[in-house]
Amino acid sequence: MKTQHERHENTQLRNENEKLRADNMRYREALSNASCPNCGGPTAIGEMSFDEHHLRLENTRLREEIDRISAIAARYVGKPVVNYPVLSPPMPPRPVDLGVGNFGGQPGLGGDIYEAGDLLRSISAPTEADKPMIIELAVAAMEELIRMAQMDEPLWMNSLDGIDAVLNEDEYIRIFPHGIGPKPTGFKCEASRESAVVIMNHINLVEYLMDVNQWSTLFSGIVSRALTLEVLSTGVAGNYNGALQVMTAEFQLPTPLVPTRESYYVRYCKQHADGTWAVVDVSLDSIRPGPAARCRRRPSGCLIQEMPNGYSKVTWVEHVEVDDRGVHNLYKHLVSSGHAFGAKRWVATLNRQCERLASAMATNIPAGDAGVITNQEGRKSMMKLAERMVISFCAGVSASTAHTWTTLSGTGADDVRVMTRKSVDDPGRPPGIVLSAATSFWLPVPPKRVFDFLRDENTRNEWDILSNGGVVQEMAHIANGRDTGNCVSLIRVNSANSSQSNMLILQESCTDQTASFVIYAPVDIVAMNVVLNGGDPDYVALLPSGFAIFPDGTAAHGVGMDESGSTGGSLLTVAFQILVDSVPTAKLSLGSVATVNNLIACTVERIKASLSCESA
């Protein structure tokens, strides 16, 4: 019996061995016919088994991700999420010593120090205990955003001019009774909605919104600082569907007269059954210990629909509650109307930036470009350098919590605000002490006329003291938008004084219906030649100066910069950055402050005089 049993076992083993041998031969034959999808060559057995193992692990992770998000959605959508406590009213601002020597690093705004800088500094990544509540909030916020984007009356009502959509707050509370709790005492609601078709593929647009660096670059005129604290989910199926990110950001208006708005929030991205993508933000202030927020984001974001021509239709909803008591009277109307930070400005900026990106990726050099740009690489390098210049200007002119402005009054012009920064080991800035000066004022001239006056090289001598009466000539011109004012230029100033050397100026001018900018910086001729030949622009030292132009909101057709010659006025910010000492450890002198103050005051007077004569 033992012998028979062993014989039976041997027969089974032989049969199994034959099966394995046959399988092995079949696999070998399949592998010999397999080819690498990247190079077309045969694929090694070790590579195949590694890839198969990697795919199995990836599939397991994706299944877990899908199950987790699906379970959360099934459990919480349509249910109350959390009852959030009412945020305490903000602390009153306290005065700051306005002595000229007080160029410290304390966060502040003009003559008042706002402790809002403590918010971004105090925030850390969420704990494990916080994460379930964050996910619940994100899923509910996604549902709210979609309904806010798709519903009309009675939730959204037409404004008096019939152009903008106005939120019915009573109806909003009735439809969405839960969420992040009631509006804090003293806060104002800003809610807006806007739609547009933009020149960008829907997948690329989602990628821009979900990458914090690309997002903050795309909206550099609105986002002064941004950081991803933690990624709770990277998404599924190799894209951002289901991605969850905990973030902080600081939103700005390019003027020292409007405080920046700090937010701590979760960003959630989802692809819906109809193919539409949605990206939503919602504040997480209630789960963060620390100082009370002065701005919180109710569900805000956008719906992105694929268009047949490769473009995307974007519907943007912006809904915040904010304490705006720190806003200067000059900008009160622009901010309270929602046009300073609202959906119209986000969409207009996105539309213009999509045009700029399309221009940067263009393979043919337009015939209108000047002859100094001889190749595509030089064109791209010059546009990249101009982009960095714009980002640096916007970040340095706002009332960010990252720096302190000191107000100098009695200059004969409007109040000038100044601050200093030390530049050390920064390849993008010259080393030494940099003095920034900015002032904002009202002009009884439509924004478009102000923009055209400032960007035109033929009228530069009327306001630019540094041109010193020289002959201004455009050496290169790169159009980067539908509007003729959207362009990057390289300008040469031939000095009227033969003893002075000629100067090169890099300038970018950009405009949309909500804002316009003319930003420029003197550039070294040798460094610029490297850029024009396609060299790395990151090592070109820049100190950008320029102008930010906003409508004052009094035009007959809202804030739009229309071509019909509207009678609305303009809010103009003038800002300069000057290297006052090439030694970073040097002390700032009163003479340097006086020089920069006189420069900006004289520029303002020249602009007012020129535009007043033009108006007359």
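About the cut-offs
Residues numbered from 1 in each chain as written. Predicted model: local features only at pLDDT ≥ 70, side-chain atom pairs only at ≥ 80, totals over all residues. Heavy atoms only, no water. Helix = DSSP H or I, 4+ residues; strand = E, 2+ residues; numbered from the N terminus. Buried < 20%, exposed > 50% of the residue type's maximum accessible area, 1.4 Å probe, protein only. Areas by Shrake-Rupley, 256 points an atom, 1.4 Å probe, with all protein chains shown as cover. Pairing = 2+ DSSP bridges. Expected span 1.5 Å × (residues − 1). Phe/Tyr/Trp six-rings, centres within 6.5 Å; stacked < 30°, edge-to-face > 60°. Arc of directions from axis to C-beta. Core = buried A, V, L, I, M, F, W, Y, C linked by side-chain atoms within 4.5 Å. Contact = heavy atoms within 4.5 Å. Salt bridge = Lys/Arg side-chain N within 4 Å of Asp/Glu carboxyl O. Axes fitted to C-alpha atoms, helices over the stretch in contact; angles between N-to-C directions. Parallel < 35°, antiparallel > 145°, perpendicular 65-115°, else oblique. Nonpolar A, V, L, I, M, F, W, Y, C, P; charged D, E, K, R; others polar.

> Would you mind showing me how to read the overall build of the protein chain here?
Of the regular secondary structure elements, the protein chain holds 13 helices and 21 strands. By residue count, 51% of the 616 residues in the protein chain fall in the buried class. For the protein chain, the exposed surface amounts to about 28200 Å²; the carbon and sulfur share of it is 53%.

> What's the story with the environment of V523 in this structure? I'm lost.
Assignment of secondary structure puts V523 in strand β19 (residues 516–523). Sequence separation between V523 and L543 is 20 residues, and the spatial gap between their C-alpha atoms is 8.8 Å.

> Looking at this model, I keep getting lost on the pairing of strand β18 (residues 503–511). Mind explaining?
Side-chain positions along a regular strand alternate between the two faces of the sheet. Most of β18 is tucked away: eight of the nine residues are buried. Where strand β17 (residues 487–494) meets β18, seven bridges bridge the pair, whose relative direction is antiparallel. Across the sheet, residue V488 finds its bridge partner in β18, namely E508. Direction of pairing for β18 relative to β19: antiparallel, over a ladder of eight bridges. Residue pairing across strands places C510 opposite F517, the latter belonging to β19. Where β18 hands over to β19, the hairpin turn is made up of four residues, counted between the paired strands.

> How should I be thinking about helix α4 (residues 131–150) in this particular structure?
The periodicity of an α-helix, 3.6 residues per turn, causes residues three or four positions apart to be oriented the same way. Look at α4: 29 Å from first C-alpha to last across 20 residues, which is about the 28 Å you get at 1.5 Å a residue. Burial of α4 is extensive: 15 of the 20 residues sit out of reach of the surface.

> Looking at this structure, I do not really get the packing of aromatic side chains. What am I missing?
Centre distance and the angle of the planes are the two values used to describe a pair of aromatic rings. Using the criterion set out here, one finds ten aromatic pairs in the structure. A centroid spacing of 6.3 Å and a plane angle of 80° characterise the contact between W215 and F251, whose relative ring orientation is edge-to-face. Separated by 36 residues along the polypeptide, W215 in helix α7 (residues 212–218) and F251 in strand β7 (residues 244–251) bring together distant segments of the chain. On the basis of relative accessibility, which here comes to 3%, the residue W215 falls in the buried class.

> Looking at this structure, I do not really get helix α11 (residues 447–455). What am I missing?
Along α11, the residues classified as buried are P447, V450, F451, F453 and L454. The buried side chains of α11 occupy one side of the element, clustering within an arc of 165° when seen end-on.

> How should the nonpolar core be read in this particular structure?
One broad rule of soluble globular proteins: the nonpolar side chains tend to lie buried together. W215, F219, M382 and M528 are the most contacted members of the largest nonpolar core, which totals 75 residues. By residue number, the principal contributor to this core is helix α10 (residues 376–397), which donates nine residues. Residue contacts for W215: discarding those within four places in its chain leaves Y208, L209, V223, A226, M247, A249, F251, Y265, R267 and W346. I134, I135, A149 and V280 belong to the second largest nonpolar core, which has 31 residues in total.

> Sorry, what's going on with the pattern of salt bridges here?
Pairing is possible between side chains of opposite charge, provided their charged atoms come close. In the structure shown here, the tally under the stated rule is 22 salt bridges. A salt bridge links K344 to E194, with the nearest nitrogen and oxygen atoms 3.7 Å apart. Of this pair, K344 sits in helix α9 (residues 343–360) while E194 sits in strand β5 (residues 188–198), and the two are 150 residues apart along the sequence. Take K344: its relative accessible area is 12%, and that puts it in the buried class.

> Would you explain the side chain of T276 in this entry?
Of note, T276 is situated in the loop between β8 (261–271) and β9 (277–283). Overall, the relative accessible area of 8% leaves T276 in the buried class. Setting aside residues no more than four positions away along its own chain, T276 makes contact with K270, Q271, L303, I304 and Q305.

> How should I be thinking about the packing of α10 against helix α12 (residues 525–532) in this particular structure?
For any two helices packed against each other, one specifies the crossing angle of their axes together with the interaxial distance. At a closest axis distance of 7 Å, the pairing of α10 and α12 adopts a crossing angle of 125°. The angle between the axes of α10 and α12 places the two elements in the oblique class. On the side of α10, the interface is formed by G378, S381, M382 and L385, while α12 contributes M528, V531 and L532. Of the residues in the contact of α10 with α12, the class split is five nonpolar, two polar and no charged.

> Where do I start with the packing of α9 against α10 in this structure?
Between α9 and α10, the least distance of the axes is 10 Å, while the angle of their chain directions is 150°. Comparing their axes, α10 and α9 come out roughly antiparallel. Each of R356, S359 and A360 in α9 lies in contact with α10, whose residues at this interface are Q376, R379, K380, M383, A386 and E387. Within the contact of α9 with α10, the residues separate by chemical class into three nonpolar, two polar and four charged.

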